[in-house]
Structure formats: structure tokens, C-alpha cells
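# Observations on the model geometry
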Amino acid sequence: MSLAAALSAFLRSRPGLTTTVADDEATLARFSRDWGGLVHARPGAVVRPCSTADVAAVLAFAAETGTPVVPRGSGHSCFGQSLTEGGIVLDLSGLARVHPGEGREVVADAGASWRRVMESALARGLTPTVLPDHLGLSVGGTLSVGGLGGASHRHGAQTDTVTALEVVTGTGEALWCSPERNRDLFDAVRAGSGRCGVITRATIAVGPAARLARRRKLYYRDLAAFLADQRAVVAEERFDHVEGRVLRDAGGEWLYRVDATSYHLLPGGAGAAALDGLSFDTALTETAEYSYGEFCDRMADGEASSRCSGEWFHPHPWLTVFLPDDAVTDVVGHALTGLTLGEADTVLLYPVRADRITTPLLRLPKADPAHTPVWLFALLTVADPRDPIDLAGRLNRNAALYDRVAEAGGTVYPGSALPRGALEWEHHFGDAWPALTAARRRYDPAGVLAAAHS
């Protein structure tokens, strides 16, 4: 009997379930690939649950049979994190509702996009305090790895804005967890990459929303000045949203840009005083006004264009690391030496306040003193799908850069594209490893959720 047939029979024995199981060729082919396009793994079955009870039943079956299970939201993982060879893919797109919240909270199913969450909150004059750059990502997906954005220097990671989670463990048990209830599970699933349970619903804190956003693009020729100004604006919280980019100018020289955005309620509400003392090139400065919602969803047009051109479906060997402040100049300078950038490539470099991030499993470099920033450095590149040498070279570059980052005391963001074996998980999690190991033994004793992350 096939896996799909056995699972279907198991689910039929439990009344009230509405999930569907598929193993047709088209479905298996679709779920054999993630957005990164670097790893291919063919599942034995794809399940599209419509309720937490559906998810619980699938995981109960998996625990009973020893079948690996991996959840999948938008499938935006870069190196097979949402794939399984011969196991079960939980397609969470059927859990996509945003529920009416009370007060300053929004309740969202794991498969809901952050766009839906933002729109639901804005209808009440509220907003999530931290949003990813791409609002098409799923709630469960970003909470499983951390979730960072240009507001993280103020509010931490998205996992720091969650007040409660509904989780189905590897035994098929549905539990609510929070700082006050099942705290070990709460700490194990936030940025835990799905090792201890599948997030099915999240309660997210929200705050008052602005009406307008003014984004200033500040350009620099000098890396040291670019870094110094970002340190200043983040430490003093001059702007609501800060991201830095590394670019090539028309002559092929490095150019650095700070995207500094202020939110306000009325036109003209964001003054120029926030720029005092900064050393950007005033001749190159660009300023643009957006509605708040337009600014948050600023990647939508680029995504549509990328899909139309086909680039969206090319391999994406992305690497995101965190660097200690005292190592950022050396590591970034080394990484940029000889680096070529295509039109679709993006390099991010901006500071995050480590003292604002409290999620135990979101591992950052040690910051001393505590208010010293750590730096998010991301090579978001696109490979030529027709050139395996190019793809292999980018992965090898990622591994070499990660080695240098680790030697400097830095860490990696778990969703990155690193060759198997390049990342040693016990070392990565450090002093959080014993608690995570204990949680895995308790909540996934059969190890059905751990196969993709070993």
C-alpha cells in the first residue's frame, strides 16, 4: 500500500476530518522543489489540512508509522527546509485565515501571508510592529526561523512579537503555548525550524499604524561612513525602519545606501532633523512618500516582474549571517572582494539591536556591551539555472563565507543555503542546545519532525 493510501485510510478512520491527500505526479513534482531551487526531494504524499485537527491526525499517523513530516507555507525556503524525501509534506495553504483579534492582537493561521495579517490589522488602525520585506511569506514560516526586517532594531524579531502559539507536536497533540503556558514548547518552536512541532496558529502583538511613510535613500562611497551613520541612527532610533544595501555604481565601484524611513500621520510629519550629523552624499539623496500600506508591500511590483520574467523560478542560493560589530568591516570587505552582482542580486547590510531580540533559538553574536549592534549581512543572489558550475561556485562561496563568519564569532540565519554538513547544529545553538534537545525528546520522541534538519 502506498503512503498516500495508508494515510488516507488512517484519516478516514477519524470522523470529522476534512483534509485531502494527494500523490499524483503533478502534485509530487510541485512539492519536490522549493523557492531556492537548489535541492530536490520527492515526497510520498502531500496533505492539505484545513484545520488543526487535520494536522494533529497527520502527525499522529506519522508518529505511529515513523514517517517524516515537513510543514510548508509559501515554500520560500532556500535549501530544502520545506522538502522531504518519501515523507509527508503538510501544505499549510489551507490554514490561511486571519481571525478577529481583541485589543492590540491579531490571531492568524500558520498558512496566512503577512500581507493578509497586515491588511486585517490596518482595518483596525493597527499594524504588526515587525514585517518581512516580502509580505507573501507565511506566518508559520517566518516564526519558525525568526523573522527580521527593517524595524527589528526597535522591536526585535517577529518571534519576539508573538504572545501565544497553537502547536501540534510530533506526537499529534495540539497545545497552546506562551511565556506563561508550556514555556519550553514556546521557546522551542520560535526560530526552531520545526524541530518540535508544527505551528498552526499565532497570536501576534500589534501597535498603532501610521498613515504615511517617507523613505530617504542616503548614499555613501565610503564603507566606514556608511557603517558609522547606521550605528548612529539605530542607537538613537531616529527612524522607524532602517535597511542598508551594498550596490555597484555605473562605473563598477561599490556604492552604499541606507534606506531610512519615518512613519507619520500627516503629510510633512517627518522632519529633516533626523539627518543631522550624517555624512551621506547629499547630491545623490532620493526621497519618496508612500501610504503606509504601500511602503510595507513595496516588494509586490518587483515580485510580479520577477515572476513574469521567469527569474523568480531560478535558483536562489541565499545566505544571511549575523556579524559582531568589531568584525563587520573585515568580513564584509573580504566578502565584497571580487564579488560580481547581477541585476537581480541584492546585498543587505544593516545593524540590529541585539538587546531587542529575546528569542532563545535566534542565535546572534555576543554583543558587549549589550546595546552594541550586530549586523545582518545577506547575499541574496540568483544563479543561472543553465550553469551548474555557477551554482556550485555560489554554494562554495557561501560555505567559505560562513566559515569566516563563524571564526569571527558570527552566526547564520537558519533559512540560508549552505551545503549539507557545513553547519553543525549543536555548535550553532550553543547554550540553547540542551533545552532544545530536551524539548525534542518530549514533543517529538519518534523524530518525525527532525529528519529534514539533522
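Positions within a chain are numbered from 1, following the residues in the order the chain's sequence is written. Where local features are concerned, this predicted model is filtered to residues with pLDDT of at least 70; where side-chain atom pairs are given and counted, the filter is 80 or more; whole-chain, interface and lining totals use all residues. The basis for every side-chain value is the complete set of heavy atoms in the structure, and neither hydrogens nor water enter the calculation.

### Quick look at the side chain of glutamine 230
Note the threshold: A run of H or I in DSSP counts as a helix once it spans at least four residues, and a run of E counts as a strand once it spans at least two, with each numbered from the N terminus. Each residue's exposure class comes from its accessible area (1.4 Å probe, protein chains only) as a fraction of the maximum for that residue type: buried when under 20%, exposed when over 50%, partly exposed otherwise. Definition of a polar contact: a pair of N or O atoms within 3.5 Å, with one able to donate and the other able to accept a hydrogen when the atoms are protein atoms, and with sequence-neighbouring residues admitted only if both atoms are side-chain atoms.
The topology assignment puts glutamine 230 in helix α8 (residues 223–235). Residue glutamine 230 is classed as buried on the basis of its relative accessible area, which comes to 0%. There is a polar contact of 3.1 Å between the side chain of glutamine 230 and the backbone oxygen of leucine 349.

### Quick notes on the pairing of strand β6 (residues 105–109)
What counts is decided by this rule: We call two strands paired when DSSP finds no fewer than two bridges between them.
Here β6 lies mainly inside the structure; four of its five residues are buried. The pairing of strand β5 (residues 98–99) with β6 spans two bridges and is classified as antiparallel. Across the sheet, residue valine 98 finds its bridge partner in β6, namely alanine 108. Hairpin geometry of β5 and β6 is characterised by an intervening segment of five residues between the two adjacent antiparallel strands and by a positive phi of about 60 degrees at glycine 103. In the sheet, β6 pairs with strand β10 (residues 197–208) via five bridges, with the strands oriented antiparallel. By the bridge assignment for β10, glutamate 105 is matched with alanine 205.

### Quick word on the side chain of histidine 99
The condition that has to hold: Residue contacts follow a heavy-atom distance rule, with two residues in contact if any of their heavy atoms lie within 4.5 Å.
Relative to the assigned elements, histidine 99 resides in strand β5. A polar side-chain atom of histidine 99 sits 2.8 Å from a polar atom in the side chain of aspartate 109. Discounting residues that sit within four places of it in the chain, histidine 99 has contacts with Val107, Asp109 and Arg201.

### Here we look at the environment of alanine 344
As for its placement among the helices and strands, alanine 344 is situated in the loop between α11 (328–336) and β16 (346–353). Classification of alanine 344 by relative accessible area gives partly exposed; the value is 37%. The spatial distance from the C-alpha of alanine 344 to the C-alpha of glutamate 311 is 8.0 Å, given a sequence separation of 33 residues. The residues contacting alanine 344, other than those within four sequence positions of it, are Glu311, Leu380 and Val382.

### Some details on the sheet that holds strand β15 (residues 319–324)
Going by this rule: Each axis is a line fitted through C-alpha atoms, and for a helix only the stretch in contact is used; angles between axes span 0 to 180 degrees, taken between their N-to-C directions.
Read from one edge of the open sheet, eight strands run β14-β11-β13-β12-β16-β17-β15-β18, paired in antiparallel fashion. Two strands bound the open sheet, and with one partner strand each, they are β14 (286–291) and β18 (411–412). As defined by bridge partners, β15 adjoins strand β17 (residues 373–380) across six bridges and the pair is classed as antiparallel. Its bridge partner lying in β17, threonine 320 is registered against alanine 378. Together, β15, β17 and β18 form the strand contacts of helix α12 (residues 388–407), whose direction differs from that of β15 by roughly 15 degrees.

### Focus on the nonpolar core
Note the following rule: Put simply, a nonpolar core is a bunch of buried Ala, Val, Leu, Ile, Met, Phe, Trp, Tyr and Cys residues held in one set by side-chain atoms that sit within 4.5 Å of each other.
With 120 residues, the main nonpolar core has Trp114, Val139, Leu165, Tyr220, Leu323, Leu349 and Phe377 as its most contacted residues. In terms of residue count, the dominant contributor to this core is helix α3 (residues 52–65) (eight residues). Not counting the four nearest positions on each side in its chain, leucine 323 is found in contact with Val328, Val331, Val332, Pro365, Val374, Trp375, Phe377 and Val405. Among the nonpolar cores identified, the runner-up in size contains 12 residues, and Trp35, Val39, Phe79 and Ala383 belong to it.

Any functional reading would require information beyond the geometric quantities listed.
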